Every structure is written in C-alpha cells, then in structure tokens.
Amino acid sequence: MVSKYTSGWRKQAYLAVGLFLAAPLVLSMDISPAKADGIHSDDTEFYVGLDSLQVLASGTYTGLNNPNYNRLTFLFAHREENAASSHFHGIGAYSYLGTVDNPSVNSTNANNRIPETYTGILPLQLLPGTGIYAGRLVSADTHEEYSNLNVASITSLADATEAVDQYLFNSSGGRWRSPLTGATIGLQLVEISSGLNIANESGENILQSIGDIYTLGGGDDFSFTPTFWTQKTATPGKYSATFKLVDLSNNYQESGTFSFDFRVEKVPEPSTTIALGLAGLLALSVSHLKKRTVDSSEF
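Because the structure is a prediction, the values reported are computed rather than measured.

**Student:** Lay out the packing of aromatic side chains with the relevant residues and their values.
**Tutor:** On inspection of all chains with the given rule, the structure shows 17 aromatic pairs. Ring geometry for Tyr61 and Tyr96: centres 5.1 Å apart, planes at 45 degrees, overall tilted. A residue pair is termed long-range when its members are at least 10 positions apart, and Tyr61 in the loop between β1 (46-50) and β2 (72-78) and Tyr96 in strand β4 (residues 95-97) qualify at 35 residues. Residue Tyr61 is classed as buried on the basis of its relative accessible area, which comes to 15%. With a relative accessible area of 16%, Tyr96 lands in the buried category. A ring pair is formed by Phe74 and Phe258, whose centres lie 4.0 Å apart and whose planes are at 5 degrees; its orientation type is stacked. Of this pair, Phe74 sits in strand β2 while Phe258 is found in strand β18 (residues 258-264), placing the two residues 184 residues apart along the sequence. Grouping residues by exposure puts Phe74 and Phe258 together as buried. An aromatic cluster of at least three residues, connected via ring pairs, comprises Phe46, Phe74, Phe76, Tyr146, Phe228, Phe243, Phe258, Phe260 and Phe262. Here the basic side chain of Arg71 rests over the ring of Tyr94, its NZ or CZ set 3.7 Å away from the ring centre. Directly above the aromatic system of Trp229 lies the positively charged group of Arg136, at a separation of 4.0 Å from the ring centroid.

**Student:** Got a sec to walk through the sheet that holds β2? Specific residues and values, please.
**Tutor:** The strand order β3-β2-β1-β10-β15 describes an open sheet built from five strands, whose pairing is mixed. What marks the edges here is a single partner per strand, and that holds for β3 (87-92) and β15 (223-224). Where strand β10 (residues 151-153) and β15 come together, two bridges link them in antiparallel fashion. Its bridge partner lying in β15, Val151 is registered against Phe224.

**Student:** Describe the pattern of salt bridges, listing the residues and the values that go with them.
**Tutor:** Side chains that differ in charge, positive against negative, can pair when their charged atoms come close. By the definition in use, this model includes six salt bridges. Taking the shortest distance from any N to any O, the salt bridge between Lys244 and Glu254 comes out at 3.1 Å. Here Lys244 is found in strand β17 (residues 237-247), whereas its partner Glu254 is found in the loop between β17 and β18, with 10 residues between them in sequence. Relative accessible area serves as the criterion here: at 18%, Lys244 is assigned to the buried category. Judged by its relative accessible area of 28%, Glu254 is partly exposed. When the shortest N-O distance is used, the salt bridge between Glu265 and Arg263 registers 2.7 Å.

**Student:** An account of the nonpolar core is needed here, citing residue identities and associated values.
**Tutor:** Ranked by size, the top nonpolar core spans 37 residues in total, and within it Phe243, Leu245 and Phe260 carry the most contacts. Of all elements in the fold, only β1, β2, β11 (184-192), β17 and β18 reach the threshold of two or more residues within this core. The residues touching Phe260, leaving out its near neighbours within four places in the chain, are Phe46, Phe74, Ile114, Leu149, Tyr239, Ser240, Ala241 and Phe243. Formed by 10 residues, the second largest nonpolar core is a distinct cluster that contains Tyr47, Leu168, Phe169 and Trp176.

**Student:** Provide a residue-level description of the side chain of Thr108, including the pertinent values.
**Tutor:** Inspection of the secondary structure puts Thr108 in the loop between β5 (104-106) and β6 (113-114). Since its relative accessible area comes to 15%, Thr108 is described here as buried. Side chain to side chain, Thr108 and Asn112 meet in a polar contact 2.7 Å long. Excluding residues within four positions of it along the chain, Thr108 makes contact with Ala93, Tyr94, Ser95 and Thr257.

**Student:** Can you break down the pairing of β1 residue by residue, with the values?
**Tutor:** Across the five residues that make up β1, a large majority, five, are buried. The two faces of β1 match: Phe46, Val48 and Leu50 on one face and Tyr47 and Gly49 on the other face are all buried. Of the strand pairs in this sheet, β1 and β2 are connected by five bridges, and their pairing is antiparallel. In the sheet register, Phe46 faces β2, and the bridge partner there is Phe76.

**Student:** How would you sum up the confidence of the model for the chain? Please name residues and give values.
**Tutor:** Residues of the chain with pLDDT of at least 70 account for 75%, and the chain-wide mean is 84. Below a pLDDT of 50 lies the segment residues 1-41, which in the model reaches 58 contacts outside its immediate sequence neighbourhood of four places, other chains included. Within the model, the stretch residues 289-299 combines pLDDT values under 50 with 12 contacts to residues more than four positions away or in other chains.

**Student:** Please provide a residue-by-residue account of the sheet that holds strand β8 (residues 127-128), values included.
**Tutor:** One open sheet holds the five strands; their spatial order is β8-β9-β16-β12-β13, and the pairing between them is antiparallel. The open sheet has two free edges, formed respectively by β8 and β13 (205-206), since each of these has just one partner strand. The pairing of strand β12 (residues 197-199) with strand β16 (residues 227-231) spans three bridges and is classified as antiparallel. What sits directly across from Asn197, in β16, is Trp229.

Quick notes on the rules
Residues numbered from 1 in each chain as written. Predicted model: local features only at pLDDT ≥ 70, side-chain atom pairs only at ≥ 80, totals over all residues. Heavy atoms only, no water. Phe/Tyr/Trp six-rings, centres within 6.5 Å; stacked < 30°, edge-to-face > 60°. Helix = DSSP H or I, 4+ residues; strand = E, 2+ residues; numbered from the N terminus. Buried < 20%, exposed > 50% of the residue type's maximum accessible area, 1.4 Å probe, protein only. Lys NZ or Arg CZ within 6 Å of the ring centre and 35° of its normal. Pairing = 2+ DSSP bridges. Salt bridge = Lys/Arg side-chain N within 4 Å of Asp/Glu carboxyl O. Core = buried A, V, L, I, M, F, W, Y, C linked by side-chain atoms within 4.5 Å. Contact = heavy atoms within 4.5 Å. Polar contact = N/O pair within 3.5 Å; in protein donor to acceptor, adjacent residues only side chain to side chain. pLDDT = per-residue confidence, 0-100.

Have a look at this one:
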C-alpha cells in the first residue's frame with residue numbers, strides 16, 4: 001500500500017530529477033549579480049573645481065594660507081535630503097601636516113580615497129561586463145554611492161534647476177565655483193595595481209603607464225566617464241588607481257593626489273551553484289520518499 005505522503009514525495013523526487021536534468025540548458029545562460037556595460041546615470045558625483053579660498057577660515061590651521069588656493073581640486077558631491085546641507089568633500093586636495101607653528105605642505109590629504117574611508121563602505125565591486133567588455137570585470141553605475149564615475153566641471157551645476165544642485169554649487173561660500181577659463185584639464189596616472197586597466201567611453205585603453213595624462217577637455221566644457229576593468233580571471237582582492245588633475249595650459253596648479261578602490265570577488269560558477277542546489281533538493285526528496293514509504297508500510 002502506498003500512502004498519499006509517499007505519492008506526494010515521489011512527485012517531488014521526479015520534479016527534482018527533471019530540474020537536475022534540465023539544468024544544463026539553464027546553465028548556458030549568462031547568470032550574474034548585475035550586468036555592466038559602462039552606462040551611467042545622470043547624477044554626477046565627481047567634479048573638478050578651482051579653489052578660490054586664500055586663507056583657511058576653520059580647522060587646526062585657521063589663519064594660514066590655503067595650500068589649495070588656485071589649485072584644481074577633485075571633489076565628491078554629498079547631496080543631502082535637506083538640500084541646504086549639501087556640500088563637497090575635497091578628495092584630491094593638498095593639506096597641512098605638523099604643528100601650527102611649523103607646518104609642512106602635503107600633496108594629498110587624509111580623506112583622499114573613493115569610497116571615502118571613513119564611511120566603511122567596501123571598495124567598488126567590478127562586475128561581469130557585456131559587449132566590448134565581455135570576459136572582463138568592469139566598473140558600473142549600480143546606483144550606490146560612489147559608483148557613478150562620471151567627472152564634470154563644477155560649473156555644469158551653475159544653471160541647474162534643482163535646489164540641491166544650486167546649494168552644492170554655492171556651498172562653502174562658493175569656494176570652488178570659479179570658472180576654469182583657459183584651462184586644459186588632464187588626468188594624470190600616479191599609481192595603479194597590476195591587472196587593473198582604464199578605458200575611455202569608446203572602450204580604448206588609456207593611462208597605460210605611470211605619468212601618462214589623458215585630456216578631459218578645455219575650460220568648463222568636459223564630461224568624462226572612465227571604465228576600470230580587469231580580466232574575468234583576475235585574482236580576488238583590492239585593486240586601486242591613484243591620480244592627480246593637471247592643467248596642460250599651465251594656468252592653474254595641480255590637484256592633490258586621490259585614489260579609486262575596487263574589488264574583485266570570488267564568485268562560485270553558476271553551474272556549481274545550481275548543480276549543488278538541485279542535487280541537495282534531489283537528495284532531500286529521495287530521503288523523504290524513503291521515510292514516508294517505510295512509515296506507510298507500518299499500517
């Protein structure tokens with residue numbers, strides 16, 4: 001005699017076997033946590049500004065000459081729910097070290113990494129690419145903070161209609177809103193992890209050697225979105241690239257150095273994950289089938 005329980009578990013066992021046999025068809029599909037093709041949203045987070053503050057008005061070194069005066073500065077925009085609180089952080093900026101009586105100028109600062117170290121956010125994940133980036137892991141706008149790598153002049157906010165952008169543009173007393181008149185903005189590579197590469201919007205590799213400079217554009221008319229990539233087989237871990245901004249027209253001084261941090265994660269092959277899952281389901285179904293069969297024979 002076969003109980004209704006035995007019949008039900010037998011059906012589940014047959015279903016598990018069917019799924020397991022069909023798995024190779026599913027595994028031929030490209031399964032990944034996200035697709036990356038270099039497309040970015042419109043909410044630019046990174047800007048190039050010109051520091052017009054001559055004397056520091058706050059902090060430990062109040063009253064000293066600003067080491068960033070007339071320097072290009074790489075800025076990250078913090079857009080707050082309270083628009084009036086929106087502000088920039090100077091990521092690529094100079095700073096002072098030492099005592100107020102005998103300070104030295106440092107060509108970077110403590111908050112010089114993206115994602116910003118104090119947030120505790122992990123390095124940006126490189127994700128499976130598509131199209132020209134097939135077989136690679138690439139940076140992509142995941143709509144998470146710091147992931148939109150588009151870089152533009154701060155003056156692109158001058159005519160913005162949203163209040164938050166106007167507050168950003170005029171934040172810190174308008175410290176960085178001066179136009180980049182006569183400048184030719186270049187991005188210079190200072191340091192890069194082995195295996196990490198950089199491409200422009202056309203997918204062409206750029207900045208392949210330390211010291212190389214890639215021209216972003218002239219004056220305030222530029223917008224640039226780099227793509228960082230590794231081979232799909234890259235060793236899991238952290239990958240970084242360090243840069244500084246330079247004016248190829250020599251009208252303004254260079255920025256402080258700043259870095260972008262990325263990570264490559266070890267992800268199980270989809271075939272392994274699915275096969276293990278289906279095998280587990282099959283084993284569970286067979287186990288219950290046997291148990292129910294034995295139990296039913298006792299009646």
